[in-house]
Every structure is written in C-alpha cells, then in structure tokens.
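Coordinate inspection notes
So the chains spell out like this:
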Amino acid sequence: MINKIALSVADALAGVKDGSTVLIGGFGTAGIPAELIDGLIAQGAKDLTVVNNNAGNGEAGLAALLKAGRVRKIICSFPRQADSQVFDALYRSGRIELELVPQGNLAERIRAAGAGIGAFFCPTAYGTELAQGKETREINGRHYVLEYPIHGDVALIKAERGDRWGNLTYRMSARNFGPVMATAARHTVATVHEIVELGALDPEAIVTPGIHVSKIVRIDHVATQAGGIKISAKSA
Amino acid sequence: MSSYQKRSKQELARRVAQDIHDGAYVNLGIGMPTLVANHIPAGREVILHSENGILGMGPAPAAGAEDYDLINAGKQPVTLLAGGAYFHHADSFAMMRGGHLDICVLGAFQVSSTGDLANWSTGEPGSIPAVGGAMDLAIGAKQTWVMMDLLTKQGESKVVAQCSYPLTGIACVKRIYSELATLECTPDGLRLIDKVDGLEHAALEQLLGLPIAA
C-alpha cells in the first residue's frame, strides 16, 4: 500500500543530508512552507544551497535558517527587500553566495529539471550582465541565452489538500512555485491543511499528481497574514 | 518661453489607460504602473496578469477582507474577478515569454531612444542586486510600455542615447508615457506621439538632448 502521509515534519525531513540543494516554495506571504523550514532548522542539515524567489524576510523562516549559518548559497530572483536584513548582512560580509536569476528563468530552470530537459535557450536577459559568460544563439532572428536546469535534492512546498498517494491541490496565489518545485526534486515534502480519502480530490482539479510527492504532512489550518506571519484560524 | 503644465501621476495613468484596447491581457509593473488599473475607460474589458500566477486580477479588497494567499507581484492583497484563474510560476512566465500578453507597463531608470531598458539596478557598488520578473516582462509582452517622468529630480533626462545603468533588455520598449509627452522608440530613434499643451517641440528635444521625429 502506498502511504505518503508522514506523522510529523521531523519524520518527513529525516533524510535531508548536508550539502543538499533545497527548493523552497513561496512568493511574498503566499505559499511559504513555514513549518517545513522550521523543521529543517531543527533537523540540522548544513552547507545547504537554497532555491527560493526571495532570500528571507524578517527574522523567522528562511531568514532564521540563514541566520543559523546553514546556507552556503542562495539562488533567487529578488533577495533585497525592506526586511531582508539577515541576508543583507551575510551577503555584505561574504558569508553567503548569491546566484541572481530572473524570476522566469528560475521557474523555467526548475521546470526543465523536472521535465528532464538538458538545457534550453531563452530570450530573457540577453545582452544584460545576468547573461555574461553564457552561451547565446540566434534562432530565427532572435537572440537567446542557454540556461541549465536547477535540480533539487529536496523540495519543501505548501499545498492545501492532499491524499495518501500524494496528490495535491493549492489555494489561490499560494500555488506559485510549488507545482514546478515538486517535479524537480528527488524528495518532495508538502504540507497540507487537510488530508482526504483517495478519490475525494476532483481528478480534474489535482494540480500536482502524487508521482511528484514523497511525503505529505498535515498542519493546522492557519491564515497567512501580512508579512507572512501565520496565526491559527480560530484566533484570526 | 513656453508655458505648460505637467501631467499629474493620475493624469499620466489615465493617458496610458486610454491606449489599452478592449480585450487586452496586461501586466502592470510594481509602483506607478499599478495606478493604470484605476483608469481603464468604462466599457473596456481588460484582463490583468500578475506574475505570481493570476489572470483576471481584481482591485484591492475592502479593509478586513484581505486574504494573504491572494496577493499581487508587489505582495499586496488583491482580489480575483469572476472568470479569473490561478496557475503556477512556470506557466505564468510562459505567458510572458511566449508572447501571450498584449501589453506590459513598467517603470524605468533609463530608456534609450531605440528602446533599451534599464529598470532593475543602478549598479551602485555595494548594492545588493535584485531583478525579480523585470527581465522576463521586458522582453516577453507583445508591447512593452514604460511609464515614468522624463527627468530625474536633478533635471537629467531619463531618455538617453545609450543607457548608463545596467540593462534589463535590448530594444524592448515600444512607447514611453511621461509627464510631458508620449514617445515611441524606434530603431531610428524617438518619434513623438503627443505632448502636453504649450510645450514646444524644440523645447522637448532640448530637455531630452535628443532629436524627436514629429
């Protein structure tokens, strides 16, 4: 019998090794797998490469993982924000490596990894400093830059509902990077707010089929608030 | 000495909105371009795209009705119109890069007369670079429009022969909407679409330090 339901976050993250590349979903306040990031901090893996759209906000979540000195390199599109002080300090003191990637390239490089694509030519960033040193080609009169996939050892994503086969649905713009990251990692862990019986998710509406998911963990239903702070639905 | 009145931010947003056709799929960049949404002429149906996976994005919710799972690219809470859809990030950027959006409206630090765009970095030493979706948007939409003031606070032209700031994209800007004039960027340089009343053509050229075809 297939049962991808993990009893705890710790159980789902038990195998994460030092030196792993960890894909972490989320954009702004939406879709951040906060409980899994906290779990990764507790789990202890270090020397990580983290792939996320941003580089952490405030002092919690990804910022706390950075602050704990566990991240060697971050691959992201938009590290600098009003409250990215933890990343800013590490970067300015040379204690973290940054690979800055245009957001569409970030998504497509992750997608390519999940789809078994070896590399792809893309028009984004042609002629800019973010394409320096990269192979280019003119195809049908347009200029393209060669981009390589980003594979993850682990993906940590936040979904809404799931079943024991690992099928997932998402909620609103919290979907963002989750579905592509799920395809691109050897071990994908998703949090869900609700675990349902097989067949209860409308097959027409399943966004991530379970083949891409290794473990799901149910967490209490929480409402995401401004700044990404989460409080329980009861007190919301 | 010519006497003229600059377009206010709202007037500028209204001017941009006038040119957005019925049925257009549009991405409005962070900052001033978001004002354009408030000025779409009545009777025109325009579908707004947000890079984080929304088509049919609606206005900000009423106070107290915010849902932080539903935000725009600027991370502000928004709503979804009836008929709207959600999709993941790779699909969202495929919409841009695949040329499916009709128009994107962006802010800029500099635009060259042939449409090179610089809007992501001032290249200052020690600054932390951040690009987000700017490079994908600039080269992806069928038409990229820039909405900006023509002059910096110091009075320098932001329309230039060649950008000195790091580029976002090459020859990607079709039009510049500004407080003084609307300009088209062509392979041969700038062409005037319109300007505010009372501003002489020669005075505009002098402000920019560039020739503008009438």
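Structure first, text after, so check above.
Residues numbered from 1 in each chain as written. Chains lettered and ligands numbered in written order. Predicted model: local features only at pLDDT ≥ 70, side-chain atom pairs only at ≥ 80, totals over all residues. Heavy atoms only, no water.

For chain A, the count of helices and strands is 6 helices and 15 strands. For a compact globule of 236 residues, the expected C-alpha radius of gyration is about 18 Å, and chain A comes in at 18 Å, within 12% of that figure. With the C-alpha coordinates aligned to their principal axes, the bounding extent of chain A is approximately 50 × 40 × 35 Å. Expressed as a percentage of the 236 residues in chain A, the buried residues total 53%. (Helix = DSSP H or I, 4+ residues; strand = E, 2+ residues; numbered from the N terminus. Rg over C-alpha atoms; globule rule 2.2 N^0.38 Å. Buried < 20%, exposed > 50% of the residue type's maximum accessible area, 1.4 Å probe, protein only.)

Interfaces are often sized by the amount of accessible area the parts lose when they come together. Listed by partner, the interface residues are 49 residues for chain A and 35 residues for chain B. Interface of chain A and chain B: buried area, both sides summed, is about 3,500 Å²; carbon and sulfur atoms make up 60% of it. Our count for the contact surface shared by chain A and chain B stands at 2 salt bridges. Asp67 of chain B is the salt-bridge partner of Arg171 of chain A, the closest N and O atoms lying 2.3 Å from each other. For the pair chain A and chain B, the interface holds 22 residue pairs in polar contact (both at pLDDT 80 or more). Elements with a minimum of two residues in the side of chain A that touches chain B: helix H4 (85-92), strand S4 (97-100), helix H5 (103-115), strand S5 (120-122) and helix H6 (178-184) of chain A. Per element, the largest residue contribution to the side of chain A that touches chain B is 6 residues, and it comes from H5 of chain A. Split into classes, the residues belonging to the side of chain A that touches chain B amount to 23 nonpolar, 16 polar and 10 charged. (Contact = heavy atoms within 4.5 Å. Buried area = accessible area lost by both parts, 1.4 Å probe. Salt bridge = Lys/Arg side-chain N within 4 Å of Asp/Glu carboxyl O. Polar contact = N/O pair within 3.5 Å; in protein donor to acceptor, adjacent residues only side chain to side chain. Nonpolar A, V, L, I, M, F, W, Y, C, P; charged D, E, K, R; others polar.)

This next bit is on H4 of chain A. Residues and elements named next belong to chain A. Among the residues of H4, those classed as buried are Val86, Phe87, Asp88 and Leu90. Among the structural elements, helix H3 (62-67), strand S3 (71-76) and S4 are those in contact with the buried residues of H4. Gly94 sits one or two residues past H4 and shows a positive phi near 70 degrees.

Direction vectors running N to C along H5 of chain A and helix H2 (residues 89-97) of chain B enclose 125 degrees, while the axes themselves pass 9 Å from each other. Classified by the interaxial angle, the pair formed by H5 of chain A and H2 of chain B is oblique. The crossing of H5 of chain A and H2 of chain B is left-handed. The residues of H2 of chain B that touch H5 of chain A, namely those facing Gln103, Gly104, Asn105, Ala107, Glu108 and Arg111 of chain A, are His89, Ala90, Phe93 and Arg97 of chain B. Residue classes in the contact of H5 of chain A with H2 of chain B are distributed as 3 nonpolar, 4 polar and 3 charged. (Axes fitted to C-alpha atoms, helices over the stretch in contact; angles between N-to-C directions. Parallel < 35°, antiparallel > 145°, perpendicular 65-115°, else oblique. Left-handed = near helix turned anticlockwise from the far one by under 90°.)

Our focus in this paragraph is the sheet that holds strand S6 (residues 110-112) of chain B. Residue and element names in this part refer to chain B. Within the open sheet, the 3 strands sit side by side as S7-S6-S9. Their pairing is mixed. Where the open sheet ends on each side, the last strands, each with one partner, are strand S7 (117-118) and strand S9 (159-160). Bridge count for S6 against S9 is 2 bridges, and the pairing is parallel. Directly across from Val111, in S9, lies its bridge partner Val159. (Pairing = 2+ DSSP bridges.)

On to the side chain of Asp88 of chain A. With respect to the helices and strands, the residue Asp88 of chain A is situated in helix H4. Notably, Asp88 of chain A is buried but unbridged: the nearest opposite-charge side chain belongs to Arg92 of chain A, and the N-O separation is 4.6 Å. Leave out the neighbours within four places in its chain, and Asp88 of chain A touches Gln81 of chain A together with Ile128 of chain B. (Lys, Arg positive; Asp, Glu negative; His and termini not counted.)

It is worth spelling out the pattern of salt bridges at this point. Residues and elements named next belong to chain A. Inspection of the entire model under this criterion finds 22 salt bridges over all chains. Two residues, Arg161 and Glu194, come together in a salt bridge whose shortest N-O distance is 3.2 Å. Within this pair, whereas Arg161 is found in strand S9 (residues 161-162), its partner Glu194 is found in strand S12 (residues 194-195), the two being separated by 33 residues in sequence. With relative accessibility at 37%, the residue Glu194 sits in the partly exposed group. Salt bridges sharing common partners tie together Asp47, Arg72, Lys73, Glu97, Glu99 and Arg109.

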